[in-house]
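Here are the chains, one letter per residue:
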Amino acid sequence: MFDPVFIKVLLGTLLLASSSAVVGAFSFLKGESLVGDAIAHALLPGVVLAFILGDGRHPGYLIIGALIAGLIAHYGIAFIEQRTKLKSDTAVSLVLSTFFGFGILLMSYVQRTGQGQQAGLERFLLGKAAAITMVDLYVFTGLALLLLLGAALFYKGFQLMTFNEDFAAAIGLPTGTIRFAFTVLTVLAVTVGIQTVGVVLMAALLITPSAAARSWTSSLPRMLLLAALFASAAALGGTFISAALPKMPTGPWIVLVLGFFGFSSLILAPEKGWLARRRRATSNRNKTQRENLLKLLYGAEERAGEPVAMTAEAMVDAREQHYEGLTKTLRNLKKEFLVVERPDGFALTDLGRIEGRRVVRLHRLWELYLTERLGMAADHIHPQAETMEHVITPEIEALIVKELGNPEVDPHQSPIPYEED
Amino acid sequence: MEKSIEVHNLTVSYHSKPVLWDVDFELPKGKIIGIVGPNGSGKTTMLKTVMGLMKPDSGYTEIFGQPLDKVRERVSYVPQRESVDWDFPADVMDVVLMGRYRKNNLFKRITKEDRRIATEALEKVNLLEFADRQISQLSGGQQQRVFIARSLAQQADIYLMDEPFVGVDAATEDAILKLLRDMKNEGKTVVIVHHDLQTANEYFDWIVLLNTRLVAAGPKEQVFTKELLQEAYGGRLTVLSKLGDLISDTEFPLREPDFKEDQPQG
């Protein structure tokens, strides 16, 4: 497995993936993910023309051809956006499809003359990592270093242009130069990338690492580093898989592994991830159920004027809740010493009474706030208070009490139960 | 009167439709100045043109008697809060430090001095304890204060702010107002785009009333009169808006190509 070809491919893809991830991060943050895709497609005619006019085997010609085509495409998009009423996504698609179509046309012309096959022009479409030569590897290393160096050098410029371009212009930064530098770096990244993953899949290499990394961090330097790591891991994984399995292409595997990172990040990410949100939803539901039961018991005590117990059946009738969910909630409340089980049912402990009183208090305070501050009628306020009693924090409670001047009763003339100090 | 901003015969269009018609005024130094007018009256366009972010069709602007490029480091700009994506991966300090970026330090690292100035600016807007907070977690009022801290970090002499009072809570509004008055007492000039008539009279010393054309500019006692306000807020002049549509439809150039402005060479 560790033959020279494998090592060559591995190094090449690692360099390429990590450096394009860093450059692509800024397109991702600017919400211009499609522009990288467009530039990748637009490079095709440049690459094929370079092949026709120059020496197709020399990477230098390809890079120059790609650079010219990429810059024309980029400024073409900008020109259309500024001078016509077309929306930006339309301008991008227009340039992408026209350039790509022209590139395919040129390719079939070259293919017909017969020189195409021997140079393997089709590798630019879907990529062919196994075709990486020693010369390519030197060029890749040079370009990857150039990309990382460029991103480091222009870090402040790229950061500010991405976050707030108007401000960058207002403080007199050379926005045109910064944008030009960024375009050149993107085109270079794509030029290297299309040899491995091809024009069609290049966007994945630019954008997916950042999409994955953004889920895990909110610091730009850390996001860039993480994107490079994800891309390297994908390059490693993709190269190994394609080497281990017979006749497997490297590029698509890299992109697939990247996609796996991207989707798992969306699921697993802290706070914004799908799992975290599920957990939050469950915890909110549990909190609501617990507090409703405590409120129910507190209300029964308030009416009776003394501590009372309620059976689970009576609670089901009162709350219209499922029996199973209820018994589970009761079990948890018991474990936390908020209720005790007695022969005649469940009753509040002192701790539980404080909690129940708090929920009732928040409910009545919010009802009063709605009538006093939002001018709502007394018969409309109950449903909202049912929710807000579980949401209001002690800080907000203090604000409400202060704003309403320590009120005694709610709009239905029920007393607002404060804790006695 | 010592002049801060001069606007000479300024016509600016957006998508080839004029949004400012031959606007001409001068502003004093060391005052809090409001650019006031109804929605779509060209207030933001005015500010962006002064900041060189939009090219005028005709006319020109000067700051401290010079073209913008000569005095850029003395000018600070606060864009509208909604104009950026607050989900950007940065913390409060990162954004305030952007106020220290200059053309000549673009490729250099942030210095200790930059950090000291940024910290001072955060202190002034009462956000020092939020320095490490992600900007996505800030309230609207806090976001606005971050933007103001960034502009303070520029250590300029004139501050141009686009709607700094929109969507902020009462406490932030008071804090900003107090800050503006402190700045004025230090001899700074503050120019604010503002759409709310209720508060304009209280906030500003000097008012520019705009409604695609200049309605009035001067000390607020002279400008804040019933007649002038009615003129500014009583809708656009029919002839102007019809002509604007016509120019936009026919893409007619607003100046003949060989027309010479009587602009001093700067």
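Quick notes on the rules
Residues numbered from 1 in each chain as written. Chains lettered and ligands numbered in written order. Predicted model: local features only at pLDDT ≥ 70, side-chain atom pairs only at ≥ 80, totals over all residues. Helix = DSSP H or I, 4+ residues; strand = E, 2+ residues; numbered from the N terminus. Buried ≥ 20, exposed ≤ 12 C-beta atoms within 10 Å, placed from the backbone. Contact = placed C-beta atoms within 7 Å. Domains from an automatic or database assignment. Pairing = 2+ DSSP bridges. Axes fitted to C-alpha atoms, helices over the stretch in contact; angles between N-to-C directions. Nonpolar A, V, L, I, M, F, W, Y, C, P; charged D, E, K, R; others polar.

Engineer: Go over the overall build of chain B with me, naming the residues and quoting the values.
Structural biologist: Helix and strand counts for chain B come out as 10 helices and nine strands. In terms of overall dimensions, chain B has C-alpha extents of about 55 × 45 × 40 Å along its principal axes. Going through the 266 residues of chain B one by one, you find that 42% of them count as buried. A separation of at least 24 residues holds for 73% of the contacts in chain B among residues at least 6 apart in sequence.

Engineer: Could you give an account of the domain arrangement of chain A, naming the residues involved and the relevant values?
Structural biologist: Under the domain assignment, chain A is made up of domain 1 (4-205) and domain 2 (282-421). Measuring from the centre of the C-alpha atoms in domain 1 of chain A to the corresponding centre in domain 2 of chain A gives 61 Å.

Engineer: Tell me what's going on with the sheet that holds strand E2 (residues 17-28) of chain B, and back it up with residues and numbers.
Structural biologist: The strands making up a sheet associate through hydrogen bonds between their backbones, and the pairing can be parallel or antiparallel. All names here are of chain B. The three strands are arranged E2-E1-E4 in an open sheet whose pairing can be described as antiparallel. For this open sheet the edge positions go to E2 and strand E4 (58-63), each flanked by a neighbour on one side alone. Across this sheet, the average inter-strand angle for adjacent strands is 15°, counted without regard to direction. Two elements, strand E1 (residues 3-14) and E4, share five bridges in a ladder whose sense is antiparallel. The residue bridging Glu6 from the neighbouring strand is Glu62, located in E4.

Engineer: Tell me about the environment of Ala233 of chain A, and please be specific about residues and values.
Structural biologist: Residues and elements named next belong to chain A. The residue Ala233 is located in helix H12 (residues 220-244) in this model. Accessibility expressed as a C-beta count within 10 Å gives 18 for Ala233, which makes it partly exposed. When the C-alpha positions of Ala233 and Val257 are compared, they lie 8.4 Å apart, and in sequence the two are 24 residues distant.

Engineer: How would you explain the interface of chain B and chain A if you had to name every residue and give the values?
Structural biologist: Chain B puts 18 residues into the contact, and the matching count from chain A is 21 residues. Of the residues in the side of chain B that touches chain A, the class split is 12 nonpolar, three polar and three charged.

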